[in-house]
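# Breakdown of the fold
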Amino acid sequence: MNKGIAIYPGSFDPPTNGHLDLMERGAKIFEELVVAILRNSEKTPMFSVAERLEMLKALTGHLKNVRIDTFDGLMVEYAKSMEAVCILRGIRAISDYEYELQMALMNRKLEPTLETVFMMPADKYSYVSSRLVREVAQAGGPVKGLVPEIVEQRLRDKIVSSRQPEPRSIEIPAGIDLGGRKLNPNVTAKRKKKA
């Protein structure tokens with residue numbers, strides 16, 4: 001086990017089995033692993049930071065040397081504030097490597113003492129990304145095996161609640177007869193006064 005703190009940063013929106021795989025394996029390598037959720041105001045996440053924090057704490061409760069935290073701004077600044085010696089990043093494909101290499105080199109430029117360790121997820125998770133999981137779930141597809149059970153349930157709940165119709169309000173001009181028909185319960189009607 002390596003001495004020191006490693007940071008595993010990401011959006012984790014939602015946490016996947018690939019993320020959990022890296023957390024469990026990273027916990028065996030580093031003295032302490034801080035899973036750091038990026039608070040990015042430029043993105044509209046499916047799950048709030050608080051929801052992701054709650055899910056990740058539940059998923060890593062069995063890992064005694066894993067801590068869940070949040071950060072914004074430059075990751076290297078956050079890592080320095082945590083006295084971290086290493087950044088843990090997952091790589092699924094060549095396209096990930098190109099992006100992650102650029103980030104690692106920039107991080108090294110900003111903070112030469114901070115190392116980056118790349119890990120590949122288990123083969124069965126090599127194609128899993130949070131973005132794909134969200135897209136499959138929103139299209140009504142199954143995500144079983146791609147995310148932990150608690151995340152799967154949270155995804156289902158989130159999608160069902162997002163599909164609930166919003167109550168609408170319409171104005172009915174005065175003098176229009178609805179012929180005794182009832183309005184949809186999700187619609188409230190106001191009579192418009194004659195001018």
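See above for the structure.
Attention here is on the structure that accompanies the text. Given the structure is predicted, the values throughout are model-derived calculations rather than measurements. (Residues numbered from 1 in each chain as written. Predicted model: local features only at pLDDT ≥ 70, side-chain atom pairs only at ≥ 80, totals over all residues. Heavy atoms only, no water.)

## Considerations on the layout of surface pockets
Rules: Definitions used throughout: a 1 Å grid over protein atoms alone; a cavity as a set of points that fits a 1.4 Å probe which cannot get out; a pocket as an open set with protein on both sides within 12 Å along at least five of seven lines; a lining residue as one with an atom within 4 Å of a point. Grid points are joined across faces, edges and corners, and a volume is the space filled by probe spheres set on the points. In this description a helix means any DSSP run of H or I spanning at least four residues, a strand means any run of E spanning at least two, and both kinds are numbered starting from the N terminus. Classification convention: Asp, Glu, Lys, Arg as charged; Ala, Val, Leu, Ile, Met, Phe, Trp, Tyr, Cys, Pro as nonpolar; all other residues, Gly among them, as polar.
In this structure, the largest pocket occupies an estimated 1200 Å³ of space. Elements that contribute at least two residues to the lining of the largest pocket include exactly strand E1 (2-10), helix H1 (17-29), helix H2 (49-59), helix H3 (75-81), strand E4 (84-90), helix H4 (94-110) and helix H5 (130-138). Ranked by residue count, the leading element in the lining of the largest pocket is H4, at 9 residues. Partitioning the lining of the largest pocket into residue classes produces 21 nonpolar, 15 polar and 10 charged.

## A few points about the packing of aromatic side chains
The criterion, for reference: Ring geometry is summarised as follows: Phe, Tyr and Trp rings, the Trp one being its six-membered ring, pair when their centres sit within 6.5 Å, and such pairs are stacked at plane angles under 30 degrees, edge-to-face over 60 and tilted between the two. Think of it in three bands: residues with accessible area under 20% of the maximum for their type are buried, residues over 50% are exposed, and the middle band is partly exposed, with areas taken using a 1.4 Å probe on protein chains only.
In the structure shown here, the tally under the stated rule is 3 aromatic pairs. With a centroid separation of 5.2 Å and 80 degrees between ring planes, the pair formed by Tyr8 and Phe12 is classed as edge-to-face. Pair check on accessibility: Tyr8 and Phe12 agree, each one buried. Between the aromatic rings of Phe71 and Tyr78, the centroid separation amounts to 4.9 Å while the plane-to-plane angle is 20 degrees, which identifies the pairing as stacked.

## Thoughts on the environment of Glu152
Going by this rule: In what follows, residue pairs with any heavy atoms lying within 4.5 Å of each other are defined as contacts.
Locating Glu152 in the fold gives a position in helix H6 (residues 149-162). By relative accessible area, Glu152 is classed as buried at 13%. Here the alpha-carbon distance between Glu152 and Val133, two residues 19 residues apart in the chain, equals 9.7 Å. Contacts of Glu152, omitting those with residues within four sequence positions, involve Val143, Lys144 and Val147.

## A closer look at the nonpolar core
Nonpolar side chains tend to gather and get buried jointly when the protein is soluble and globular. As a reminder of what qualifies: By convention a nonpolar core is built from buried Ala, Val, Leu, Ile, Met, Phe, Trp, Tyr and Cys residues, the set being connected through side-chain atoms within 4.5 Å.
Core analysis: the largest hydrophobic core is formed by 32 residues, its most contacted members being Tyr8, Val35 and Leu155. Counting residues per element, the ones that place at least two in this core are E1, H1, strand E2 (30-38), H2, strand E3 (66-71), E4, H5 and H6. In contact with Val35, not counting residues within four places along its chain, are Tyr8, Phe12, Met23, Leu56, Val66, Arg67, Ile68 and Asp69. The next biggest cluster of nonpolar side chains, apart from the first, holds 13 residues, and it includes Ile5, Ile7, Phe71 and Met82.

## Brief notes about the pairing of E3
To be explicit about the condition: For two strands to pair, DSSP has to find at least two bridges joining them.
The pairing of E2 with E3 spans 6 bridges and is classified as parallel. Across the sheet, the residue bridging to Ile37 is Thr70, located in E3.

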